[in-house]
Amino acid sequence: MRKARLPPELRVKKPQSKQKKKKQREQLEAHLQKPRGYRRFTPTSELPLERFDAQGQRVCRWCGGSLTGRQRSWCSVACNEAWLVRSMPSFARKKVLERDRGVCVQCGVEAQGRDNQIARELQKERRLRRGTLTRVVLRDHLKQHLLDILPRYGLSDPGEMGWQMDHIIAVEQGGGECGLENLQTLCTVCHRQKSKQQAAERAQRRKAVRSQGISLSGEMP
Ligand SMILES: [Zn+2]
Ligand SMILES: [Zn+2]
């Protein structure tokens with residue numbers, strides 16, 4: 001599915017503070033220390049660039065099967081894709097979009113199609129107004145126009161647009177670094193709901209562990 005883009009005036013990226021960047025780097029490093037399956041994606045540095053069998057013959061980097069003809073890395077397109085899905089988030093997202101067409105598995109909303117329509121409406125409005133408004137006024141006008149049309153698409157704020165590539169078995173349960181079979185499309189609203197629920201469950205588990213710890217230490221002489 002071709003993705004329609006929002007007008008450039010609305011494609012603002014919030015600048016990140018140095019502190020936030022540093023924190024993100026630290027989080028990423030801690031993340032990479034986790035065992036296989038407990039990370040979202042496998043860093044390419046951990047995947048073999050070439051693979052040989054006991055006889056020294058080059059074999060498929062993914063399945064270890066034999067290569068034929070001009071093949072150097074992969075025995076099939078499937079093996080190449082299996083590798084890319086695990087190591088390249090943008091590739092995984094592209095594949096999930098190809099399969100699910102941007103339709104939320106939870107509520108059935110056509111998130112990608114809806115966002116494309118919104119983007120097209122805004123581009124049209126931009127073409128209409130562009131010559132008559134200054135850049136700043138045009139930006140504010142488009143922002144307001146977006147807020148005005150969102151309710152027609154069942155949304156109340158721009159943050160609800162988009163869709164997320166969701167892990168069916170959560171990463172924290174070992175569902176990370178997975179193939180397409182563990183990835184699904186959720187609209188942003190449904191994804192937020194799921195995240196909230198997961199956070200609540202996490203808190204519950206922590207609470208259970210804590211109270212157990214107290215009762216155990218209570219038994220100590
Ligand atoms: Zn293979
Ligand atoms: Zn949904």
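These numbers were taken from a predicted model, which means no experiment stands behind them.

Undergrad: How would you summarise the packing of aromatic side chains if you had to cite specific residues and measurements?
TA: With the rule as written, the count across this model stands at one aromatic pair. Seen from their ring centres, Trp 74 and Trp 83 are 4.9 Å apart, and the 65° between their planes marks the pair as edge-to-face. Look at Trp 83 and you get buried, because its relative accessible area is 5%. Taking NZ or CZ as reference, Arg 61 lies 4.2 Å from the ring centre of Trp 83, over its face. Sitting over the face of the ring of Trp 163, Arg 93 holds its NZ or CZ atom 3.7 Å from the ring centroid.

Undergrad: I'd like a rundown of the pairing of strand β4 (residues 183–187), residues and numbers included.
TA: The buried fraction of β4 amounts to five of the five residues, a majority that puts the element mostly inside the structure. By the alternation rule, side chains of β4 split into Leu 183, Thr 185 and Cys 187 and Gln 184 and Leu 186, which are all buried. Here five bridges tie strand β3 (residues 163–167) to β4, and the two strands are oriented antiparallel to one another. Looking at the pairing, His 167 lines up with Leu 183 of β4.

Cut-offs and rules
Residues numbered from 1 in each chain as written. Chains lettered and ligands numbered in written order. Predicted model: local features only at pLDDT ≥ 70, side-chain atom pairs only at ≥ 80, totals over all residues. Heavy atoms only, no water. Phe/Tyr/Trp six-rings, centres within 6.5 Å; stacked < 30°, edge-to-face > 60°. Buried < 20%, exposed > 50% of the residue type's maximum accessible area, 1.4 Å probe, protein only. Lys NZ or Arg CZ within 6 Å of the ring centre and 35° of its normal. Helix = DSSP H or I, 4+ residues; strand = E, 2+ residues; numbered from the N terminus. Pairing = 2+ DSSP bridges.

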